[in-house]
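Report on the structure
So the chains spell out like this:
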Amino acid sequence: MQIENEMTARFNKSETFDSSLSQELDFFFDNVMDTVVEYFKEEVTV
């Protein structure tokens, strides 16, 4: 029973880590795409 509890605790921790990592990557790529779009908009107007 103790092993089962330990496994569920580890699984919950890794799940939390995965979701926070996913959110960080989403945030990063959103910023990158915004920057790329702004760069090309400025490049076209110049």
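Up top is the structure these notes are about.
Residues numbered from 1 in each chain as written. Predicted model: local features only at pLDDT ≥ 70, side-chain atom pairs only at ≥ 80, totals over all residues. Heavy atoms only, no water.

1. Some points on the overall build of the protein chain
On a plain count of helices and strands, the protein chain comes out with 1 helix and 0 strands. In the protein chain, buried positions account for 0% of the 46 residues. Summed over all atoms, the accessible surface of the protein chain reaches about 4,700 Å², with 62% contributed by carbon and sulfur. (Helix = DSSP H or I, 4+ residues; strand = E, 2+ residues; numbered from the N terminus. Buried < 20%, exposed > 50% of the residue type's maximum accessible area, 1.4 Å probe, protein only. Areas by Shrake-Rupley, 256 points an atom, 1.4 Å probe, with all protein chains shown as cover.)

2. Some thoughts on the packing of aromatic side chains
The tally for this structure, following the rule as stated, stands at 2 aromatic pairs. An angle of 70° between the planes, with centres 5.2 Å apart, marks the rings of Phe28 and Phe29 as edge-to-face. Given a relative accessible area of 46%, Phe28 falls into the partly exposed group. Considering the side-chain rings of Tyr39 and Phe40, the 5.2 Å spacing of their centres and the 80° angle between planes classify their relative orientation as edge-to-face. (Phe/Tyr/Trp six-rings, centres within 6.5 Å; stacked < 30°, edge-to-face > 60°.)

3. Side note on a negative patch on the surface
Together, Asp26, Asp30, Asp34, Glu38 and Glu42 line one region of the surface with negative charge. Structurally, the position occupied by Asp34 is in helix H1 (residues 2–45). Overall, the relative accessible area of 45% leaves Asp34 in the partly exposed class. (Patch = residues over 30% accessible without salt bridge, like charges linked within 9 Å, V, L, I, M, F, W, Y side chains within 5 Å. Salt bridge = Lys/Arg side-chain N within 4 Å of Asp/Glu carboxyl O. Lys, Arg positive; Asp, Glu negative; His and termini not counted. Charge placed at Lys NZ, Arg CZ, Asp CG, Glu CD.)

4. Some words on a nonpolar patch on the surface
On the surface, a nonpolar cluster with roughly 740 Å² of combined accessible area is contributed by Leu21, Leu25, Phe28, Phe29, Val32, Val36, Tyr39 and Phe40. Relative to the helices and strands, Phe28 resides in helix H1.

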